[in-house]
There are 2 protein chains.
Amino acid sequence: MKTEKETWKENITEKIISLEKQAMELWNKGNPDGFLELSDEDVIYFDPSLKQKLEGMEQLRTYYEGIRGLVNVDWYEMIRPVVQATDNMAVLAYNHNCTESGKLHKWYCTEVYRRTPENEWKIIQTHWSHPESL
Amino acid sequence: MKTEKETWKENITEKIISLEKQAMELWNKGNPDGFLELSDEDVIYFDPSLKQKLEGMEQLRTYYEGIRGLVNVDWYEMIRPVVQATDNMAVLAYNHNCTESGKLHKWYCTEVYRRTPENEWKIIQTHWSHPESL
């Protein structure tokens, strides 16, 4: 018999992974709208093509609009996702493998989600990096 | 006049940055004990020398013990730290420049802290990566 806390943790884990995958499906076709809608105004974003983190939705939107249409992922896999959650914040971490034109790319991702007063979960931090590739 | 919420946010920002810097001062002398004590049992850890995230304190301890005494940072700087907090979770993001034997290393760091029932803040996720270096 599961405790109330275990059931809650399972539900939040499923919810967060589902939100992430929905946005990722669009992203993989070059459409950043899923992640833009899912991110909150104070979002912090970082990937290895940047020197400095992006701070806030305006910077993130400018960056994403600059690569709209350029991503074309054929296949991806979310590996060993882990969600650590409190009532109002949840952190998703996973390894992410994907192929573009048959070429394999390996990523590591941390996403921090925060619950809004309207009970929606929004991304407040995205950190993409590369694992060791050897 | 600051609101109660603004004061709370300032306090938590100061607290989290202070905890991080205390552990970093030890780390820079090759001593991982600060980060080990600051991390919680379910900690997730990732840096670019790993293929896969570390999951849990046992894996983190093994990893840190393997590099005990090997880090010798002469100088470091925490650049543009940002803390995003709810009552029980706080995310710190910063660029981190440091020198070892005069050589400059550039890092980006996300740390997720969670408040324990004993009202201590513990790291539950650490993500180190390299910003674009050109």
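Residues numbered from 1 in each chain as written. Chains lettered and ligands numbered in written order. Predicted model: local features only at pLDDT ≥ 70, side-chain atom pairs only at ≥ 80, totals over all residues. Heavy atoms only, no water.

Caption draft 1: Summary view of the relation of the copies chain B and chain A. For the pair chain B and chain A, the superposition axis carries a translation of 0.0 Å, the fit reaches an RMSD of 0.0 Å, and the rotation angle comes to 180°. These values place the two chain copies in the arrangement generated by a two-fold rotation axis. Most of the interface of chain B is mirrored in chain A, where 100% of its interface residues again form contacts. (Least-squares fit on C-alpha atoms with pLDDT ≥ 70 in both. Contact = heavy atoms within 4.5 Å.)

Caption draft 2: Structural view of the sheet that holds strand β1 (residues 39-46) of chain A. All names here are of chain A. If you trace the six strands from one edge of the open sheet to the other, you get β2-β1-β6-β5-β4-β3, paired in mixed fashion. Of all strands in the sheet, those with a lone pairing partner are β2 (54-55) and β3 (75-85), marking the two edges. Note: strand β4 (residues 89-100) against strand β5 (residues 103-115), 12 bridges, orientation antiparallel. The partner of His-96 across the bridge, within β5, is Trp-107. Most of the contacts of helix α1 (residues 4-27) go to β3, to which it runs at about 145°, and overall it touches β3, β4, β5 and β6 (121-129). (Pairing = 2+ DSSP bridges. Helix = DSSP H or I, 4+ residues; strand = E, 2+ residues; numbered from the N terminus. Axes fitted to C-alpha atoms, helices over the stretch in contact; angles between N-to-C directions.)

Caption draft 3: Molecular detail of the interface of chain B and chain A. Contact with chain B, which involves 36 residues of that partner, is made by 36 residues of chain A. Buried surface at the junction of chain B and chain A, both sides included, amounts to about 3,100 Å², of which 54% is carbon and sulfur. One can count four salt bridges joining chain B with chain A. Elements represented by at least two residues in the side of chain B that touches chain A include exactly β1 (39-46), β3 (75-85), β4 (89-100), β5 (103-115) and β6 (121-129) of chain B. Taken together, the residues that form the side of chain B that touches chain A break down as 18 nonpolar, 11 polar and seven charged. (Buried area = accessible area lost by both parts, 1.4 Å probe. Salt bridge = Lys/Arg side-chain N within 4 Å of Asp/Glu carboxyl O. Nonpolar A, V, L, I, M, F, W, Y, C, P; charged D, E, K, R; others polar.)

Caption draft 4: Representation of the pairing of β5(A) in the model. Residues and elements named next belong to chain A. The hairpin formed by β4 and β5 contains two residues between the paired strands, and Ser-101 there has a positive phi angle of roughly 50°. Note that β5 and β6 share eight bridges and pair antiparallel. Bridge pairing in β6 places Cys-109 opposite Trp-128. From the end of β5 to the start of β6, which pair antiparallel, there are five residues, and Asn-119 there has a positive phi angle of about 65°.

Caption draft 5: Structural context of the environment of A:Glu120. All names here are of chain A. Here Glu-120 lies in the loop between β5 and β6. Put simply, Glu-120 and Asn-88 are 32 residues apart on the chain and 9.9 Å apart in space, counted from C-alpha to C-alpha. Those residues in contact with Glu-120 that sit more than four places away from it in its chain are Arg-114 and Arg-115.

Caption draft 6: Highlighting the packing of aromatic side chains. Residue and element names in this part refer to chain A. For the coordinates displayed, the defined rule picks out 16 aromatic pairs over all chains. Ring plane angle 80° and centroid distance 5.6 Å describe the contact between Tyr-45 and Tyr-64, whose orientation is recorded as edge-to-face. Highlighted residues: Tyr-45 in strand β1 and Tyr-64 in helix α3 (residues 57-67), separated in sequence by 19 residues. On the accessibility criterion, Tyr-64 (4% relative accessible area) is buried. (Phe/Tyr/Trp six-rings, centres within 6.5 Å; stacked < 30°, edge-to-face > 60°. Buried < 20%, exposed > 50% of the residue type's maximum accessible area, 1.4 Å probe, protein only.)

Caption draft 7: Looking closely at the sheet that holds strand β2 (residues 54-55) of chain B. All names here are of chain B. If you walk across this open sheet you meet the six strands as β2-β1-β6-β5-β4-β3, and the pairing is mixed. The outermost strands of the open sheet, each flanked by one partner alone, are β2 and β3. Sitting on the sheet, helix α1 (residues 4-27) touches β3, β4, β5 and β6, and the angle it makes with β3 is about 145°. Lying on the sheet, helix α3 (residues 57-67) is in contact with β1 and β2; it crosses β1 at an angle near 60°.

Caption draft 8: Structural context of unusual backbone geometry. Backbone geometry at A:Asn119 places phi at a positive 65°, although glycine is not the residue there. With respect to the helices and strands, A:Asn119 occurs in the loop between β5 and β6. Of note, the phi angle at B:Ser101 is positive, near 45°, even though the residue is not glycine. Within the secondary structure layout, B:Ser101 lies in the loop between β4 and β5.

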